[in-house]
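In case you want the letters, here they are:
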Amino acid sequence: MKDKRVLLIVGGGVAAYKALLLTRLLRKAGIAVRPILTKAGAEFVTPLSLAALAEDKVYQELFSLTDEHEMGHIELSRSADLIVVAPATADLIAKAAGGFAGDLASTTLLATDKPVLMAPAMNVRMWLHPATQRNIATLKADGVSFVGPDEGAMACGEFGPGRLVEPEEIFAAIVAMLEGPAARPLQGKRALVTAGPTFEPIDPVRGITNRSSGKQGFAIAEALAKLGAEVTLIAGPVAQPTPVGVKRVDVETARQMLAASQAALPSDVGVFVAAVADWRVDEAFGTKLKKEKGGPPALTFVENPDILATLSASGPRRPKLVIGFAAETDHVEEHARAKLARKGCDWIIANDVTEPGVMGGGENAVLLITQDGTERWDRAAKDQVAGQIAARIAKALG
Ligand code: CTP
């Protein structure tokens, strides 16, 4: 990304502060940022903040003698690899759709021959208004790309679609556009990933769970999304941030995880990383168990559904590629290969959880077990392992 350049048009809206955060993310990645600040944008963020973070001059006027002397507005519109509008207000969107050129931002959008990415931000009514929707459709037909808007509580006190997406998501969309389709071999493919432990209640305050941190599953979801896949991540109770661009479904029990996995079908690939509790208490108690004179209660357990095996055997709805994980403490390869056959999946990624730093830690040393053989991968950080797995999936689905 080091030699890439973005022309960032900052429109007027409360969300303009996110353009400052976006500028920081871009600069940190080595991407050059040249900002254009609209008149309305300057009501919300100052040219000084933007210039300091961008480490470049801020352009504001269409008819500025000094700016025109240094770099004409036509040249400005073509000086970057990508034009980003964030926040893209209803006004800027309307101007671009209508081909207006009354100020520097709209002139730039009309004069450019570079790809354009817009991140809309406006009041929910303005977003839903037929005029805005018509303008969006026009711009999409003209080849403009969009990221967002999000849905949620707004600065104006209303709730609904129209919120600017987070800077990290705009950043990811920018990187994807700058890298081009070759870097996104999983574009158009759907992926399902389970991650984390499950929690099986005993009573309203107690339960059975395990030490899985969810790190490896979350890293795989992130790596698949980076390659362009549409990822649904079904997560047990973990304290991991949701990876950018990933749809997350939070569950607690194995049965909920199974239902959410089935609801996420059809999918091209299923990666079952979750450390699912094998058993649950036959019937969880509705009230808290108290210490009794007779001693601790006797709990009876029943087996949980096997999510991986169930989805492997789901007939026409089965993902083309089903991948299981095997956390083993001994005879790793032998046990994992038996699991491959027993669960009916295509690959097993096995690891030895007695190795320090694997369960709950940041590293993993895995074996990739397929019908064709076994590969032993070097010990590496979990996100590196995730990148390798995602690349292999892309190759297999290619
Ligand atoms: N798995 C699952 N549902 C379960 C149990 C396991 O989907 N109820 C999946 C895990 O996500 C993992 C694989 O099956 O991908 C293997 O999990 P593991 O706990 O190692 O296997 P078990 O079936 O528990 O086998 P064993 O007890 O013999 O180790």
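Residues numbered from 1 in each chain as written. Predicted model: local features only at pLDDT ≥ 70, side-chain atom pairs only at ≥ 80, totals over all residues. Heavy atoms only, no water.

Under an unreviewed UniProt entry, the name given to the protein is Coenzyme A biosynthesis bifunctional protein CoaBC, and the organism recorded is Caulobacter segnis.

Before going further, it helps to examine the overall build of the protein. If you tally the helices and strands in the protein, you get 14 helices and 21 strands. The contacts of the protein with a sequence gap of at least 6 include a subset with a gap of at least 24, amounting to 67%. For the protein, the computed accessible surface area is about 19400 Å², with 54% contributed by carbon and sulfur atoms. (Helix = DSSP H or I, 4+ residues; strand = E, 2+ residues; numbered from the N terminus. Contact = heavy atoms within 4.5 Å. Areas by Shrake-Rupley, 256 points an atom, 1.4 Å probe, with all protein chains shown as cover.)

As recorded in UniProt, the sites labelled "transmembrane region" (unreviewed entry) are residues 6-26. Taken end to end, residues 6-26 has its terminal C-alpha atoms 9 Å apart, with 48% of it in helix and 24% in strand. (UniProt positions renumbered as here; feature names shortened; annotations may be inferred.)

The UniProt record annotates "active site" (unreviewed entry) at Cys156. Following the sequence through the fold, Cys156 ends up in the loop between strand S6 (150-153) and strand S7 (159-163).

Before going further, it helps to spend a moment on the pattern of salt bridges. Tallying each qualifying case throughout the model produces 18 salt bridges. Between Arg27 and Glu55 there is a salt bridge; the shortest N-O distance is 2.9 Å. In this pair, Arg27 sits in helix H1 (residues 17-28) while Glu55 sits in the loop between helix H2 (47-54) and helix H3 (65-70), placing the two residues 28 residues apart along the sequence. In this structure Glu55 comes out as exposed when scored by relative accessible area, which is 57%. (Salt bridge = Lys/Arg side-chain N within 4 Å of Asp/Glu carboxyl O. Buried < 20%, exposed > 50% of the residue type's maximum accessible area, 1.4 Å probe, protein only.)

The next point concerns the site of the ligand. In the vicinity of the ligand, 15 residues are found, and the nearest of them are Phe272, Ala274, Phe325, Lys339 and Lys343. A distance of 2.8 Å is found between an oxygen atom of the ligand and a backbone nitrogen or oxygen belonging to Leu308. Notes on the ligand: free accessible area 570 Å², of which the protein chains cover 78%. Structurally, the ligand is housed in the largest pocket. Listing elements by their share of the shell around the ligand, those giving two or more residues are helix H12 (307-312), strand S16 (321-328) and helix H13 (332-343). Per-element accounting of the shell around the ligand gives the leading share, four residues, to S16. (Near = heavy atom within 4 Å. Polar contact = N/O pair within 3.5 Å; in protein donor to acceptor, adjacent residues only side chain to side chain. 1 Å grid on protein atoms, 1.4 Å probe; cavity = no way out; pocket = protein on both sides within 12 Å on 5 of 7 lines; lining within 4 Å. Sits in = over half its atoms within 2 Å of the grid points.)

Reported here for the largest pocket is a volume of approximately 1000 Å³. Taken together, 41 residues line the largest pocket, and the ones lying closest to its centre are Ala274, Ala275, Val276, Phe325 and Ala327. Sorting the residues of the lining of the largest pocket by element identifies strand S8 (190-195), helix H10 (215-226), strand S15 (301-303), H12, S16 and H13 as the ones contributing at least two each. A per-class count over the lining of the largest pocket returns 20 nonpolar, 13 polar and eight charged. The calculated volume of the second largest pocket comes to roughly 840 Å³. Elements represented by at least two residues in the lining of the second largest pocket include exactly strand S5 (145-146), helix H9 (167-179), H10 and strand S11 (230-235). (Points joined across faces, edges and corners; volume = space filled by probe spheres on them. Nonpolar A, V, L, I, M, F, W, Y, C, P; charged D, E, K, R; others polar.)

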